[in-house]
Amino acid sequence: KYLEPKDFIGNEYTQLRLRMVFDVKADGRKKARLVIDGSRTDVGDISTSASVAKQESVRLVQVIADKAGLNIATADIGTAYLYASTEEKVWCRCGPEFGIYEGYKVLVQKALYGLKSSASAFEAFLADKLRSMGFQPSRGDRSVWIKDEGGTYSYIITYVDDIMVASLKPEKYIEELRGMFTLKDVSYSGGRYLGGDR
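Structure report, in brief. Only a predicted model underlies this, so the values are computations on that prediction, with no experimental measurement involved.

**Re the nonpolar core**
Phase 1: Grouped together as the largest cluster of nonpolar side chains are 24 residues, with contacts concentrated most on Ile77, Phe122, Leu130 and Ile156.
Phase 2: Taken together, the elements giving at least two residues each to this core come down to strand E5 (71-77), helix H2 (118-132), strand E11 (162-167) and helix H3 (170-178).
Phase 3: The element contributing the most residues to this core is H2, with 4 residues.
Phase 4: Aside from chain neighbours lying at most four places away, what touches Ile156 is Leu130, Met133, Phe135, Ser143, Val144, Trp145, Ile163, Met164 and Val165.

**Considerations on the sheet that holds E5**
Phase 1: Reading across the sheet, the 6 strands line up as E8-E9-E10-E11-E5-E12 and stay open at both edges, with antiparallel pairing between neighbours. Both edges of this open sheet fall to strand E8 (136-137) and strand E12 (183-187), since each of them pairs with a single strand only.
Phase 2: Of the strand pairs in this sheet, E8 and strand E9 (residues 144-148) are connected by 2 bridges, and their pairing is antiparallel. When the bridges of E9 are listed, Gln136 appears paired with Ile146.
Phase 3: Lying over the sheet, H3 contacts E5, E9, strand E10 (153-159), E11 and E12, oriented at roughly 145 degrees with respect to E11.

**A look at the pairing of strand E4 (residues 30-36)**
Phase 1: When strand E3 (residues 18-24) meets E4, the two strands line up antiparallel, connected through 7 bridges. The residue bridging Phe22 from the neighbouring strand is Ala32, located in E4.
Phase 2: The antiparallel hairpin formed by E3 and E4 contains 5 residues in its connecting segment, where Gly28 sits at a positive phi of about 95 degrees.

**Observations concerning the pattern of salt bridges**
Phase 1: Applying the stated criterion across every chain yields a total of 5 salt bridges.
Phase 2: For Arg17, the salt bridge is made with Asp37, and the minimal N-O distance between the two is 3.5 Å. Of this pair, Arg17 sits in the loop between strand E2 (14-15) and E3 while Asp37 sits in the loop between E4 and helix H1 (55-68); the two residues are 20 residues apart in sequence, bridging distant segments of the chain.
Phase 3: Given a relative accessible area of 53%, Arg17 falls into the exposed group.
Phase 4: Residue Asp27 is joined to Arg29 by a salt bridge in which the shortest nitrogen-to-oxygen separation is 2.7 Å.
Phase 5: The exposure class assigned to Arg29 is partly exposed, which follows from its relative accessible area of 37%.
Phase 6: Taken together, the shared-partner salt bridges in this structure form one network comprising Asp27, Arg29 and Asp185.

**Notes on the packing of aromatic side chains**
Phase 1: Using the criterion set out here, one finds 8 aromatic pairs in the structure.
Phase 2: For the ring pair Tyr101 and Tyr104, a centre distance of 5.4 Å and an interplane angle of 85 degrees mean the geometry is edge-to-face.
Phase 3: Between Phe122 and Phe181 the ring centres are 6.4 Å apart and the planes differ by 70 degrees, which places this aromatic pair in the edge-to-face class. Linking Phe122 in helix H2 with Phe181 in the loop between H3 and E12, this pair joins segments that are 59 residues apart in sequence. No difference in accessibility class separates Phe122 from Phe181, as the two residues are buried.
Phase 4: In this structure, Arg33 packs its charged tip against the face of Tyr113, placed 3.8 Å from the ring centre.
Phase 5: Positioned over the ring face of Trp91 is Lys105, at 5.4 Å from the centre of the ring.

**A closer look at the environment of Gly134**
Phase 1: With respect to the helices and strands, Gly134 occurs in the loop between H2 and E8.
Phase 2: Given the relative accessible area of 36%, Gly134 is considered partly exposed.
Phase 3: Between the C-alpha atoms of Gly134 and Ile72, which are 62 residues apart in sequence, the distance is 18 Å.
Phase 4: Setting aside residues no more than four positions away along its own chain, Gly134 makes contact with Ile146 and Lys147.

Basis of the calculations
- Residues numbered from 1 in each chain as written.
- Predicted model: local features only at pLDDT ≥ 70, side-chain atom pairs only at ≥ 80, totals over all residues.
- Heavy atoms only, no water.
- Core = buried A, V, L, I, M, F, W, Y, C linked by side-chain atoms within 4.5 Å.
- Buried < 20%, exposed > 50% of the residue type's maximum accessible area, 1.4 Å probe, protein only.
- Helix = DSSP H or I, 4+ residues; strand = E, 2+ residues; numbered from the N terminus.
- Contact = heavy atoms within 4.5 Å.
- Pairing = 2+ DSSP bridges.
- Axes fitted to C-alpha atoms, helices over the stretch in contact; angles between N-to-C directions.
- Salt bridge = Lys/Arg side-chain N within 4 Å of Asp/Glu carboxyl O.
- Phe/Tyr/Trp six-rings, centres within 6.5 Å; stacked < 30°, edge-to-face > 60°.
- Lys NZ or Arg CZ within 6 Å of the ring centre and 35° of its normal.

Structure below.
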């Protein structure tokens, strides 16, 4: 939300800096990400913890998939954190990269990379979406989601924005997720996930 440079922002808000971070991925692709300097905020009682799948859980689901004849698909959710809203009260001043809005103040409403609560906010957002698809978190690992298909089971593993689907028809769930998120690097080969091979 843009505010005029002269507009007052309440004392409950903290001013933070925005900056661009550039990187080159292992496969040579270039990446740019807008991040916020969230290390200077006091989040109070806002949750900042987020779980990720244990490596043992990933291997176990891969073994189950092999034994049950399930197919595996993997995908990455693009700009994942931006799907979730933030409860942190922060604002920034727009730099020249904002064009006509340079100098304006902006209230941050989305879970930007760099905010302390962004991982937790996105995890809760994704959990709501998976529940709406009929999945429930397992008791052994809250990042392993299970759906009873009536005689067989489907699994979705989450590691922040990296997804693995093990199902008789994983493409069904990939397409359902594609309706909610921008998915990148979708693979139906069942091969690599989190740097490990099946």
